[in-house]
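Geometric and topological summary
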Amino acid sequence: MKNLFMEHFKHQTFYAVGLSYKKADAEVRGKFSLDDTAKQKVLEQAKREGLHSLFVISTCNRTEIYGFAEHPYQLIKLICDNTQGTVEEFQQVAYIYKNKDAIDFLFKVGTGLDSQILGDFEIISQIRSSFVQSKNQQLVNAFLERLANAVIQASKRIKNETNLSSGATSVSFASVQYILNHFEQADSKKVLLFGTGKIGRNTCENLVKHIENKNITLINRTKDKAEKIAGKFHLTVKDYTQLPEEIQQSDVLVVATGAMNPTVDKALLNLKKPLLILDLSIPKNVDENVKDNPMVTLVHLDYLSQITDETLEKRKLDIPAAEAIIQEITQEFLEWMKARKFAPTIHALKEKLNEIKETELKFQKKKLQNFDEEQAEIITSRLIHKITTQFANHLKDSDTMVDESIEWIEKVFQLETSLTS
């Protein structure tokens, strides 16, 4: 199987390298977090260093690169060179998969089976956008494009054909659950949402839907973004300059700014009543020093992600069905890879047989007086089709040693082949 992954890149292997919530806590994940600018720098550096096909994803729960390299360190270096983490720190919590294992891992990640909250499908949009970003930089080969599309297809089928994503269980919903458990009358509490990225928007929607709380204020550095979301839910928007004043008046502060450094610290807090702060960001957007204020209860995303309920237990029942879909689509992908490997040989074989046919038809035309060239053309073309199909079926067989068979066919028929990207 190994050679199937080498494509036309000599001496290169397909790898998945990264870290996730499983071994890296929020602080470590924050050190290796890549924003859009950093991701772009990774791609530019990859080009300079001679890497030809990869994409990178970075979410609150994971930072990973999927791509071809001679050695996984080349991909690890890309992450470490563009983040605040060191190679030594990375190695303590990292994982490296290659070839078939890397493919299997990407399918697990892309379908929510490796998510911190089982069945969380938000990751697939990250994979899709990261793939497009790499493609725009001409950093995607046929293998990676086909693989990304296969993972997207698997995610879509699992979402439509199983209950793995049923129920409203996500980090944003977990935060709403926490608020409901923390307050007896959550619908009457004043909630301030600072930051209107994807998690912020989802949290806002869940607050309105599950708590029926209209007493929600939105603040974002870019006010028009907050106004677009507020208009959808008929909520209040305040200027960024009013943040300290709004915090003072709030019972709950939800922080999801997506900044690379803390945006809320104890200096902002001039509290006259208890404040619950939910930090839904990686890296952490709330400084730990807010806990110096006795009125503050600080809860981070990692804790919220551990909240489980009946929905998660029900989702586990659909893991086998999801895995069956993944296995089916993975098998299709592997067959495509195998066919891609021997396709040039079959094409060259067909050309060779056609050359033999043309030579023989010319000879018979001269030799036989009533030679039916049209009928002979039909018969010989059908024979060539049947012969090449027979060889193709042999090469598709799971028990076939593809490299040896290709070498034998090319030697017997004296074929010259070339694999295009």
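Residues numbered from 1 in each chain as written. Predicted model: local features only at pLDDT ≥ 70, side-chain atom pairs only at ≥ 80, totals over all residues. Heavy atoms only, no water.

Turning our attention to the pattern of salt bridges. In this structure the tally under the stated criterion is 20 salt bridges. Residue arginine 157 pairs with glutamate 328 through a salt bridge whose shortest N-O separation is 3.1 Å. Taken together, the residues arginine 157 in helix α7 (residues 142–161) and glutamate 328 in helix α14 (residues 319–367) connect sequence positions 171 residues apart. The partner of glutamate 373 in a salt bridge is lysine 365, with the nearest N and O atoms 3.3 Å apart. Each of Lys22, Arg62, Glu64 and Asp114 takes part in a single network of salt bridges with overlapping partners. (Salt bridge = Lys/Arg side-chain N within 4 Å of Asp/Glu carboxyl O. Helix = DSSP H or I, 4+ residues; strand = E, 2+ residues; numbered from the N terminus.)

So, on to the packing of helix α5 (residues 100–110) against α7. Contact geometry for α5 and α7: axes closest at 9 Å, N-to-C directions at 40°. The angle between the axes of α5 and α7 places the two elements in the oblique class. Two packed elements cross with a definite hand, and for α5 against α7 that hand is right-handed. Taken together, the residues of α7 that come into contact with α5 (itself represented by Ile103, Leu106, Phe107 and Gly110) are Phe143, Leu147, Ala150, Val151, Ala154 and Ser155. Class assignment of the residues belonging to the contact of α5 with α7 gives a composition of eight nonpolar, two polar and no charged. (Axes fitted to C-alpha atoms, helices over the stretch in contact; angles between N-to-C directions. Parallel < 35°, antiparallel > 145°, perpendicular 65-115°, else oblique. Left-handed = near helix turned anticlockwise from the far one by under 90°. Contact = heavy atoms within 4.5 Å. Nonpolar A, V, L, I, M, F, W, Y, C, P; charged D, E, K, R; others polar.)

This part takes up the sheet that holds strand β4 (residues 95–98). Ordered by their spatial adjacency, four strands build an open sheet running β2-β3-β1-β4, and the pairing between neighbours is antiparallel. Because the sheet does not close on itself, it has two edges, and the strands there are β2 (54–58) and β4. The mean angle between the axes of side-by-side strands here comes to 15°, regardless of whether they run parallel or antiparallel. Note that strand β1 (residues 13–20) and strand β3 (residues 62–69) share eight bridges and pair antiparallel. (Pairing = 2+ DSSP bridges.)

Attention now moves to the side chain of glutamate 246. Relative to the assigned elements, glutamate 246 resides in helix α11 (residues 243–249). Leaving out residues up to four positions away in the same chain, glutamate 246 has contacts with Lys190, Leu192, Thr217, Ile219 and Lys238.

Ranked by internal contacts, the top residues of the largest apolar core, which has 75 residues, are Phe14, Tyr66, Ile103, Phe107, Leu147, Ile179 and Leu218. In terms of residues, this core owes the most to one element, α7, which gives nine residues. Leaving out residues up to four positions away in the same chain, phenylalanine 107 has contacts with Leu147, Ala150, Val151, Ala154, Ile326, Ile329 and Thr330. (Core = buried A, V, L, I, M, F, W, Y, C linked by side-chain atoms within 4.5 Å. Buried < 20%, exposed > 50% of the residue type's maximum accessible area, 1.4 Å probe, protein only.)

Moving on, we come to the pairing of β2. Across the five residues that make up β2, a large majority, five, are buried. Here β2 shows no split at all, with Leu54, Val56 and Ser58 on one side and Phe55 and Ile57 on the other all buried. One ladder, built from five bridges, connects β2 with β3; its direction is antiparallel. When the bridges of β3 are listed, leucine 54 appears paired with glycine 67. Here β2 folds back onto β3, and the loop between the two strands holds three residues.

Okay, the side chain of asparagine 220 next. Note on placement: asparagine 220 falls in the loop between β6 (216–219) and α10 (223–233). Within polar-contact distance, the side chain of asparagine 220 engages the backbone oxygen of threonine 222 at 3.1 Å. Among all residues touching asparagine 220, those that are not within four sequence positions of it are Gly195, Thr196, Lys225, Ala226 and Tyr240. (Polar contact = N/O pair within 3.5 Å; in protein donor to acceptor, adjacent residues only side chain to side chain.)

Together, Ile379, Leu383 and Ile387 make up an exposed nonpolar region whose accessible area comes to about 250 Å². Structurally, isoleucine 379 can be placed in helix α15 (residues 373–396). (Patch = residues over 30% accessible without salt bridge, like charges linked within 9 Å, V, L, I, M, F, W, Y side chains within 5 Å. Areas by Shrake-Rupley, 256 points an atom, 1.4 Å probe, with all protein chains shown as cover.)

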